[in-house]
Amino acid sequence: LVLAALPERITEIGDYTFSGCKNLMSAVVPESVMAIGNNAFNGCARISSIVIPDNVTSIGNSAFENCTGLTSVEIGSGVTSIGESVFRGCSKLVDIVIPDNVGTIGDNCFYGCTGLTSVEIGSGVVSIGASAFSSCRGLANLVIPDNVGTIGDNCFYGCSGLASVEIGSGVVSI
């Protein structure tokens, strides 16, 4: 399987739908999709970019884990929850913008994204999970918005390139 072009009538990409499709290079997620399930694209090492439409509200655990060729992700404005380990091991991912509607960034979400250099966290985020940015060696600067109340254990563990973190006024637990 090299290309996955899903029809507009699809409302959910279920758990493990394309997991392990190592040759999958492109997946077109239609606007009709509202949820991306757990491990939906896990291990699709040749996908280089993904656009998550505005109608998607949740991205399941490990949905894009180990998509080692992934360099670009556009997360739609409708997403309210990013699960655990969603982009874990996406070592070529360079930058990410987390929309304002997202409330939580799950545990291990960007763990091992060694190429990640830029993260923009939306103003709606209230919780950043444990080890969310662990081993993001390329990350140099990060601004945590004021709405964030909790930052999980080991959040920045192994971020050897991290020079500064500006922590917002709302953080009560780190």
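Right above here is the structure, for reference.
J.: Is there a simple way to explain the overall build of the protein chain in this structure?
T.: Helix and strand content of the protein chain: zero helices and 15 strands. Over its C-alpha trace the protein chain gives a radius of gyration of 15 Å, about what one expects of a compact globule, namely 16 Å for 174 residues. Structurally, the protein chain occupies a C-alpha span of about 45 × 25 × 20 Å along its principal axes. A burial count over the protein chain gives 47% of its 174 residues as buried. In the protein chain, the proportion of contacts linking residues at least 24 apart, taken out of those at least 6 apart, comes to 20%. One finds the centroid of the 6 positive side-chain charges in the protein chain at a distance of 18 Å from the centroid of its 15 negative side-chain charges.

J.: Looking at this structure, how should I read the sheet that holds strand 14 (residues 150–151)?
T.: Paired through their backbone hydrogen bonds, the strands of a sheet run either parallel or antiparallel. In space, the seven strands of this open sheet follow the order 2-4-6-8-10-12-14, with parallel pairing throughout. Edge positions in the sheet fall to strand 2 (12–13) and strand 14, since each has one partner strand and no second. Where strand 12 (residues 127–128) and strand 14 come together, two bridges link them in parallel fashion. Along strand 14, the bridge assignment pairs Ile128 with Ile151.

J.: When you look at the pairing of strand 13 (residues 141–144) in this model, what are you seeing that I'm missing?
T.: Two faces, one strand: in a regular strand the side chains alternate between the faces of the sheet. Residue alternation in strand 13 divides its side chains into a buried set, Leu142 and Ile144, and an unburied set, Asn141 and Val143. Alignment of strand 13 against strand 15 (residues 164–167), held across four bridges, turns out to be parallel. Pairing of Ile144 across the sheet is with Ile167, part of strand 15.

J.: Please explain the state of the cysteines as it appears in this structure.
T.: By definition, a disulfide is the covalent link that joins the sulfur atoms of two cysteine residues. Using the criterion set out here, one finds zero disulfides in the structure. With no disulfide of its own, Cys44 has Cys67 as its nearest cysteine by sulfur position, at a separation of 5.2 Å. Assessed through its relative accessible area of 0%, Cys44 is described here as buried. Between Cys159, a cysteine without a disulfide, and Cys136, which holds the nearest cysteine sulfur, the sulfur-to-sulfur distance is 5.2 Å.

J.: Would you mind showing me how to read the packing of aromatic side chains here?
T.: Within a pair of aromatic rings, the relevant descriptors are the distance that separates the centres and the angle that separates the planes. For the structure on display, the rule yields six aromatic pairs. Between Phe64 and Phe87, the ring centres sit 5.7 Å apart and the planes meet at 5 degrees, which makes this aromatic pair stacked. Of this pair, Phe64 sits in the loop between strand 6 (58–59) and strand 7 (72–75) while Phe87 sits in the loop between strand 8 (81–82) and strand 9 (95–98), placing them 23 residues apart in sequence. Each of the two residues, Phe64 as well as Phe87, counts as buried.

J.: How do you make sense of a negative patch on the surface when you look at a structure like this?
T.: Residues Glu8, Glu31, Asp54 and Glu74 make up a contiguous surface patch of negative charge. Take Glu31: it is sitting in the loop between strand 3 (26–28) and strand 4 (35–36).

J.: Which parts of the structure should I look at to understand the side chain of Glu65?
T.: By the element assignment, Glu65 lies in the loop between strand 6 and strand 7. One buried charged side chain, Glu65, makes no salt bridge at all; its nearest oppositely charged neighbour is Arg88, positioned 4.2 Å away. Excluding residues within four positions of it along the chain, Glu65 makes contact with Phe41, Asn42, Gly43, Ser85, Val86 and Arg88.

J.: Please clarify how unusual backbone geometry should be interpreted in this entry.
T.: For residues besides glycine, phi is generally negative; the peptide bonds are generally trans as well. Of note, the phi angle at Tyr16 is positive, near 60 degrees, even though the residue is not glycine. Its place among the elements puts Tyr16 in the loop between strand 2 and strand 3. In this model, Ser135 sits at a positive phi of 65 degrees, which is unusual for a non-glycine residue. By the element assignment, Ser135 lies in the loop between strand 12 and strand 13.

The rules behind these values
- Counting from 1, residues in each chain are numbered in the order their sequence is written.
- Note on the predicted model: pLDDT of at least 70 is required for a residue's local features to be given, and 80 or more for side-chain atom pairs to be given and counted; whole-chain, interface and lining totals, by contrast, use all residues.
- Only hydrogens and water are removed before side-chain values are computed, so all heavy atoms of the structure are retained for them.
- Counting from the N terminus, the helices are DSSP H or I runs at least four residues long and the strands are E runs at least two residues long.
- Here the radius of gyration uses the C-alpha set of atoms, whereas the globule reference equals 2.2 Å times the residue count to the power 0.38.
- Burial here depends on accessible area, computed with a 1.4 Å probe over protein chains only, as a share of the maximum for the residue type. Under 20% is buried, over 50% is exposed, and the range in between is partly exposed.
- Residue contacts are defined here by distance: any two heavy atoms, one from each residue, within 4.5 Å place the two residues in contact.
- His is not counted, nor are the chain ends, whereas Lys and Arg count as positive and Asp and Glu as negative.
- To locate a charge, take atom NZ for lysine, CZ for arginine, CG for aspartate or CD for glutamate.
- One requirement defines pairing of two strands: DSSP has to find at least two bridges between them.
- Cysteine sulfur atoms are paired as a disulfide whenever they fall within 2.5 Å.
- Two rings belonging to Phe, Tyr or Trp (six-membered ring only in the last case) form a pair when the distance between their centres is within 6.5 Å. Interplanar angles under 30 degrees mark stacking, angles over 60 mark edge-to-face geometry, and anything in between is tilted.
- To count toward a patch, a residue needs a relative accessible area over 30% and no salt bridge; like charges are then connected within 9 Å, while nonpolar side chains (Val, Leu, Ile, Met, Phe, Trp, Tyr) are connected within 5 Å.
- Only the protein chains shown count as cover for residues, and the accessible areas themselves come from Shrake-Rupley with a 1.4 Å probe.
- Only one rule defines a salt bridge in this text: a Lys or Arg side-chain nitrogen within 4 Å of an Asp or Glu carboxyl oxygen.

Taken by themselves, the reported measurements are silent on function.
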